[in-house]
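Structural overview
Listed below, chain by chain, are the residues.
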Amino acid sequence: MTYATDRLQEEIAYVAYHFHWSQDDILDLEHHDRRRYADHIASLVTRGGAEA
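Described below are features of the structure shown in this document. (Residues numbered from 1 in each chain as written. Predicted model: local features only at pLDDT ≥ 70, side-chain atom pairs only at ≥ 80, totals over all residues. Heavy atoms only, no water.)

Another aspect to go through is helix 1 (residues 5-19). Taking 1.5 Å as the rise per residue, helix 1 with 15 residues should run 21 Å; its terminal C-alpha atoms sit 21 Å apart, in good agreement. Residues of helix 1 that are buried include every one of Glu-11, Ile-12 and Val-15, and no others. Looking straight down helix 1, one finds that the buried residues subtend no more than 100° of arc, so they occupy a single side. Set apart from the buried face of helix 1 by more than 90 degrees, the exposed residues are Asp-6 and Tyr-17. Phi for His-20, located one or two positions after helix 1, is positive at around 60°. (Helix = DSSP H or I, 4+ residues; strand = E, 2+ residues; numbered from the N terminus. Expected span 1.5 Å × (residues − 1). Buried < 20%, exposed > 50% of the residue type's maximum accessible area, 1.4 Å probe, protein only. Arc of directions from axis to C-beta.)

If you want it as structure tokens, here you go:
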């Protein structure tokens, strides 16, 4: 099973935007690690919005 290209691009853009990592650095991550970073970012963004 392959991971949808659109979803992969969304994850790359999301992590790159928030962590300022390069595309190559993000693509070097295993899928589960990349998803974990995206989930952590989402949690921080949600928590940050609730504190405002």
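On to the packing of aromatic side chains, then. Counting across every chain of the model gives 3 aromatic pairs. Note on Phe-19 and Trp-21: the rings are 5.0 Å apart at their centroids and 55° apart in plane angle, and the pair reads as tilted. Measuring from ring centre to ring centre gives 5.8 Å for Phe-19 and Tyr-37, while their planes differ by 85°; the resulting arrangement is edge-to-face. Of this pair, Phe-19 sits in helix 1 while Tyr-37 sits in helix 3 (residues 31-51), and the two are 18 residues apart along the sequence. On the accessibility criterion, Phe-19 (29% relative accessible area) is partly exposed. Taking relative accessible area as the criterion, Tyr-37 reaches 32% and is therefore assigned partly exposed. Aromatic ring contacts, followed pair by pair, group Phe-19, Trp-21 and Tyr-37 into a single cluster. (Phe/Tyr/Trp six-rings, centres within 6.5 Å; stacked < 30°, edge-to-face > 60°.)

What is shown is where atoms sit, not what they do.
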